[in-house]
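The lines below spell out each chain.
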Amino acid sequence: MTLDTIVADVREGLAARLRVRGKTLAVQMRKAGRRLPRHIRRDLTYLIEAQQLDAHPKRAAQVDMGRATKARRSVLAYLETVDLAAERWTMILGVVASIAFAMLVTGIILLFVLVQRGFV
């Protein structure tokens, strides 16, 4: 398995599972940002560096294909666990919970002020 096929597999996985598009793996990783855990970002960074080394004939021998294959397996295994619908639902529930909490605190403060002024 060549480095180009490894990178192509990872890019396809990012596009399919996270809906992250880009011309290069570096662009896709930047767009995915904090949605990826640190160890996955580290593996992607290694693949990006390895791809840059592979572009130079004298430096191509420095690429550790075992580590690149391991990074590919790790990234693709993580991408299989990603559920975009669940992430969206969690985000929506978080926003709704924040709004509800703010309204509750505002109501309590309003009630406290009304009691202090003698309106209630």
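Structure first, text after, so check above.
All values reported here derive from a predicted model rather than from experimental measurement.

**Brief notes about helix H5 (residues 84-117)**
Then comes step 1: With 34 residues, H5 ought to run about 50 Å at 1.5 Å a step, and its terminal C-alpha atoms sit 50 Å apart, in line with that.
Then comes step 2: Downstream of H5 by a residue or two, Gly-118 has a phi angle that is positive, lying close to 90 degrees.

**Quick look at the nonpolar core**
Then comes step 1: Judged by nonpolar contacts, the single largest core of 25 residues is most densely connected at Leu-18, Leu-25, Leu-44 and Leu-47.
Then comes step 2: A total of six residues in this core trace back to one element, the largest contributor, which is helix H3 (residues 38-54).
Then comes step 3: Residues contacting Leu-25, with those up to four places away along its chain left out, are Val-7, Val-10, Arg-11, Leu-14, Leu-44, Leu-47 and Ile-48.

**Thoughts on the environment of Arg-42**
Then comes step 1: Its place among the elements puts Arg-42 in helix H3.
Then comes step 2: In the structure, Arg-42 is positioned 20 residues away from Gln-62 in sequence and 18 Å away in space, judged by C-alpha atoms.

Conventions we followed
Residues numbered from 1 in each chain as written. Predicted model: local features only at pLDDT ≥ 70, side-chain atom pairs only at ≥ 80, totals over all residues. Heavy atoms only, no water. Helix = DSSP H or I, 4+ residues; strand = E, 2+ residues; numbered from the N terminus. Expected span 1.5 Å × (residues − 1). Core = buried A, V, L, I, M, F, W, Y, C linked by side-chain atoms within 4.5 Å. Buried < 20%, exposed > 50% of the residue type's maximum accessible area, 1.4 Å probe, protein only. Contact = heavy atoms within 4.5 Å.

Purely spatial values, then, with no claim about function.
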